[in-house]
Amino acid sequence: MAMIELQHLTKTYGSGANAVHALDDVSLSIEAGEVFGIIGLSGAGKSTLVRCINLLESPTSGRVIVDGKEMTALKGKSLREARRNIGMIFQSFDLLMQRTALGNVRFPLELAGVDRGEADRRARELLATVGLAGREDAYPAQLSGGMKQRVAIARALASNPKVLLCDEATSALDPTTTESILELLRDLNRQLGVTVVVITHEMRVVERICSRVAIIAESHIAEQGEVQEVFLHPKTEAAKKLVLPSRSGKLEGFSEDAGATAVDECRGELIRLAFDGSSTDRPIIADMILSCGAPVSIIYADTRTIEGRLYGHTVLQLPSDAATADKMKRWLTNQGISYTKEAQ
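As a starting point, this report considers the structure included with it. (Residues numbered from 1 in each chain as written. Predicted model: local features only at pLDDT ≥ 70, side-chain atom pairs only at ≥ 80, totals over all residues. Heavy atoms only, no water.)

**Remarks on the sheet that holds strand S7 (residues 163–167)**
In step 1: An order of S6-S7-S8-S3-S9-S10 is seen for the six strands of this open sheet, with the pairing classed as mixed. Of all strands in the sheet, those with a lone pairing partner are strand S6 (86–90) and strand S10 (220–226), marking the two edges. Each neighbouring strand pair of the sheet contributes to a mean axis angle of 15 degrees, computed without reference to strand direction.
In step 2: Pairing of strand S9 (residues 212–217) with S10 involves six bridges; the strand directions are antiparallel. (Pairing = 2+ DSSP bridges. Helix = DSSP H or I, 4+ residues; strand = E, 2+ residues; numbered from the N terminus. Axes fitted to C-alpha atoms, helices over the stretch in contact; angles between N-to-C directions.)

Below is the structure:
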């Protein structure tokens, strides 16, 4: 069952010659209980998209449906009530500096008219859930970046939302803290069943916790699918720029001069091998060299862990002898290893 449906969403700022199309005919379906990633480079439209989901931005056209309710048809009190089902956390935390951690988490409950005692109990419970038991009386200035984001997450959960929107929630954090926040989001998804939408420009964030991903480029959805499939077989240039950061016409760091230092036999075409989670424990390249009786040069290699399994890309330079190179490509095909020709 879909928790979020975006149907032909368009958002335009201004009009005429000055019009800026932030979103162009965007359609997505996000299932209840999943962790879904939306990734794009700066200016692609991803932040506008997430703000349209909870109607902080009103779409120019199209429909937004959350938990069966058409958000774009609601106004006033009805819209405010529907928004309580949608929590949101931001890159900058957006905490109230004059309030303690407890006061920040309690704030949305106060706005909803919850009894002070019940609001306190709920806020303390949420702070414990995000690992901040004992820090209830600390002010934001006394907390680290990771702790501030945990307070923001607890606050977003105060109204028992069914959806949690994370807009670049880890961009301001160091790698270790980022890992802990992503693990927390994954745990909350599992424990509470909340649907999590992660907006980011970092593929490593998507790979860490998302099951599916949509790539947004130039204001529209360029590609979407299972994370491992998009990583292994990106179809669009937008996806390749994000998934394969070494692609830039030529392989980054590779030039004719660099090639001249390679083994003489290995000056043929470049191919990119995609390894799925079931083949990374096999010595594929070593076996290929032994079977085909010729060396190759490894130009680039990268591995990622997606949903607990290892996936990878390796760029090889094949022998200049066409017959030997063809033999190697046939061997790879017979082993079920996919590859694509890489631009040089």
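On we go.
**Overview of the packing of helix H11 (residues 284–292) against helix H12 (residues 322–334)**
In step 1: H12 packs onto H11 with a crossing angle of 130 degrees between their chain directions and a minimal axis gap of 10 Å. Comparing their axes, H12 and H11 come out oblique. When the axes of H11 and H12 are compared, the crossing they make is right-handed. Mapping the contact onto sequence places Ile-284, Asp-287, Met-288, Ser-291 and Cys-292 in H11 and Lys-327, Met-328, Trp-331 and Leu-332 in H12.
In step 2: Of the residues assigned to the contact of H11 with H12, the class counts are six nonpolar, one polar and two charged. (Parallel < 35°, antiparallel > 145°, perpendicular 65-115°, else oblique. Left-handed = near helix turned anticlockwise from the far one by under 90°. Contact = heavy atoms within 4.5 Å. Nonpolar A, V, L, I, M, F, W, Y, C, P; charged D, E, K, R; others polar.)

**Focus: the pattern of salt bridges**
In step 1: Under the defined criterion, the tally for this structure stands at 19 salt bridges.
In step 2: As a salt-bridge pair, Lys-11 and Glu-57 come within 3.8 Å of each other at their nearest N and O atoms. Of the two residues, Lys-11 sits in strand S1 (residues 2–13) while Glu-57 sits in the loop between helix H1 (46–53) and strand S4 (61–66), which places them 46 residues apart along the sequence.
In step 3: For Lys-11, a relative accessible area of 10% puts it in the buried group.
In step 4: Where salt bridges share partners, they join Arg-99, Arg-106, Glu-110, Arg-116 and Asp-120 into one cluster. (Salt bridge = Lys/Arg side-chain N within 4 Å of Asp/Glu carboxyl O. Buried < 20%, exposed > 50% of the residue type's maximum accessible area, 1.4 Å probe, protein only.)

**Side note on the layout of surface pockets**
Over the atoms, a rolled probe matching the size of one water molecule traces out where space is still vacant.
In step 1: Its volume calculated, the largest pocket comes out at about 670 Å³.
In step 2: Taken together, 18 residues form the lining of the largest pocket, with Arg-83, Arg-84, Ile-86, Pro-108 and Ser-159 sitting closest to its centre.
In step 3: The set of elements that each furnish at least two residues to the lining of the largest pocket consists of helix H2 (76–83), S6, helix H3 (101–111) and helix H5 (145–156).
In step 4: For the lining of the largest pocket, the residue count by class is ten nonpolar, three polar and five charged. (1 Å grid on protein atoms, 1.4 Å probe; cavity = no way out; pocket = protein on both sides within 12 Å on 5 of 7 lines; lining within 4 Å. Points joined across faces, edges and corners; volume = space filled by probe spheres on them.)

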